[in-house]
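Structural description and commentary
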Amino acid sequence: MTAWLEQHEPGVFASLGGPGSSTAISEAETRMGLKLPPAMRQWLLANDLDAGRQPDVRSCLVALGCQGVLPSGGLLLGLTDIERVHLHQVAMEEMAPSGDPDHPSWRREWVPISAERDGFYGKFLNTRTGSVGSWSEGSLPKDREYTSLFAFFHDVADQLEGLLSGNTGMAAGRRMPDRSPEDEAIRLWARANGYLVNDHGCIPKSIRDAYEASL
């Protein structure tokens, strides 16, 4: 996903920010009363979407979300907005419980990963199971729409790749990049060694360098 953005939407890629802070993540976990799965911590440590910005007092619930990443809509959330939306959703459930303990409107172990400005709908990560689900105002949340955060981001990457075929969106009409035998070899090596690389987009330079160093 990030490789596609770096190649085709460098402005959006830049808005993902630089490395995050492990201290900030730990402090946010304490305030939310949960522990983030390793995949979520890895993402936040690699991409500080908030980049040291602070929300305006008059801002919407999602104050600093990143636009242009998710073709299906919504804003990708950084740590500040994750905490803001999470605490808001927990408070709303406590103030007005759904009445069905098996189907609450929100669970503390759910962490939002994307949302629209007012927080009426979005995607969440279940920190206990690692799956990704969604919520929407006026309907019950849906858990396990994706088996993992990786699966969610992989789907986003596939949607972005679909834009290259000219179907719709910001990259309409652009040609899909060719896949060389060397790229196929690098992808196989990356999977075998625990690197995350999209099946269709360009391969990040860091992975190419690691592959070449292993030869």
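Refer to the structure above for everything that follows.
Because the structure is predicted, anything quoted here is derived from the model rather than measured.

1. Focus on the overall build of the protein chain
- Helix and strand counts for the protein chain stand at 8 helices and 5 strands.
- Here the analysis covers contacts within the protein chain between residues at least 6 apart in sequence; of these, 48% occur between residues at least 24 apart.
- Total accessible area on the protein chain stands at roughly 11,200 Å², and carbon and sulfur atoms take up 54% of it.

2. Let's talk about the packing of helix H3 (residues 22–32) against helix H5 (residues 79–95)
- Running from N to C, H3 and H5 cross one another at 0 degrees; their axes reach a closest spacing of 10 Å. Between H3 and H5, the angle is such that the two are roughly parallel. Facing H3, whose interface residues are Ala24, Ile25, Ala28, Arg31 and Met32, H5 presents Leu79, Ile82, Glu83, His86 and Leu87.
- Each residue belonging to the contact of H3 with H5 can be placed in one class, and the counts come to 7 nonpolar, 1 polar and 2 charged.

3. Brief notes about unusual backbone geometry
- Backbone geometry places Arg144, a non-glycine residue, at a positive phi of 60 degrees.
- With a relative accessible area of 61%, Arg144 lands in the exposed category.

4. Let's talk about the pairing of strand E4 (residues 132–136)
- Summarising burial for E4: 4 of the 5 residues are buried, a large majority.
- With 5 bridges connecting them, strand E3 (residues 121–126) and E4 associate as antiparallel partners. Counterpart to Lys123 in the pairing with E4 is Ser134.
- The hairpin turn running from E3 into E4, its antiparallel successor, is 5 residues long, and Gly130 in that turn takes a positive phi close to 85 degrees.
- In this sheet, strand E5 (residues 139–146) lies alongside E4 in antiparallel orientation, the contact comprising 3 bridges. Note on E5: the bridge partner recorded for Ser136 is Ser139.
- Linking E4 to E5, which pair antiparallel, is a turn of 2 residues; within it Gly138 sits at a positive phi near 90 degrees.

5. So, the pattern of salt bridges
- Tallied over the full model, the rule gives 7 salt bridges.
- Across the pair Lys35 and Glu29 runs a salt bridge whose closest N-O atoms are separated by 3.6 Å.
- A salt bridge links Glu145 to Lys123, with the nearest nitrogen and oxygen atoms 2.9 Å apart. Taken as a pair, Glu145 in strand E5 and Lys123 in strand E3 lie far apart in primary sequence, 22 residues in all.
- Where salt bridges share partners, they join Glu29, Lys35 and Arg41 into one cluster.

6. A closer look at the nonpolar core
- Formed by 42 residues in total, the largest nonpolar core has its most connected members in Met1, Leu5, Met40, Leu44, Val69, Leu76 and Phe152.
- Per-element tally for this core: the top contributor is helix H6 (residues 149–164), with 6 residues.
- Other than its neighbours up to four places away in sequence, Leu5 contacts Pro10, Val12, Phe13, Leu16, Gly68, Val69 and Leu160.
- Among the nonpolar cores identified, the runner-up in size contains 5 residues, and Trp189, Ala190, Ile207 and Tyr211 belong to it.

7. Let's talk about the environment of Gln54
- Here Gln54 is to be found in the loop between helix H4 (38–46) and strand E1 (75–76).
- A relative accessible area of 65% means that Gln54 is categorised as exposed.

8. Considerations on the sheet that holds E5
- Strand order in the open sheet made by the 5 strands is E1-E2-E3-E4-E5, with antiparallel pairing throughout. Pairing within the sheet leaves two strands with one partner each, and these edge strands are E1 and E5.
- Each of strand E2 (110–115) and E4 touches H5; the most contacted strand, E2, lies at about 120 degrees to it.

Rules behind the numbers
- Residue numbering note: each chain is counted from 1, following its sequence as written.
- Local features in this predicted model are restricted to residues whose pLDDT is 70 or higher, and side-chain atom pairs enter the listing and the counts only when it is 80 or higher, whereas totals over whole chains, interfaces and linings include all residues.
- For the side-chain quantities, the full set of heavy atoms in the structure was used; hydrogens and water were omitted.
- Strands here are runs of E lasting at least two residues and helices are runs of H or I lasting at least four, both read from the DSSP assignment and numbered beginning at the N terminus.
- Contacts were defined at the residue level, with two residues in contact if any of their heavy atoms lie within 4.5 Å.
- Only the protein chains shown count as cover for residues, and all accessible areas are computed by the Shrake-Rupley method using a 1.4 Å probe.
- Axis definition: a line fitted to C-alpha atoms, limited for helices to the stretch in contact. Angles are taken between N-to-C directions and run from 0 to 180 degrees.
- Here is the rule for angles: anything less than 35 degrees is roughly parallel, anything more than 145 is roughly antiparallel, 65 through 115 is roughly perpendicular, and the remaining ranges are oblique.
- Polar here means any residue outside two lists: the nonpolar Ala, Val, Leu, Ile, Met, Phe, Trp, Tyr, Cys and Pro, and the charged Asp, Glu, Lys and Arg; Gly therefore counts as polar.
- Relative accessibility decides the category of a residue: with a 1.4 Å probe and only protein chains considered, values under 20% of the type maximum give buried, values over 50% give exposed, and everything between is partly exposed.
- Pairing between two strands requires that DSSP report at least two bridges joining them.
- We define a salt bridge as a contact between a side-chain nitrogen of Lys or Arg and a carboxyl oxygen of Asp or Glu at a distance within 4 Å.
- Throughout, nonpolar core names a set of buried Ala, Val, Leu, Ile, Met, Phe, Trp, Tyr and Cys residues whose side chains join them through atoms within 4.5 Å.

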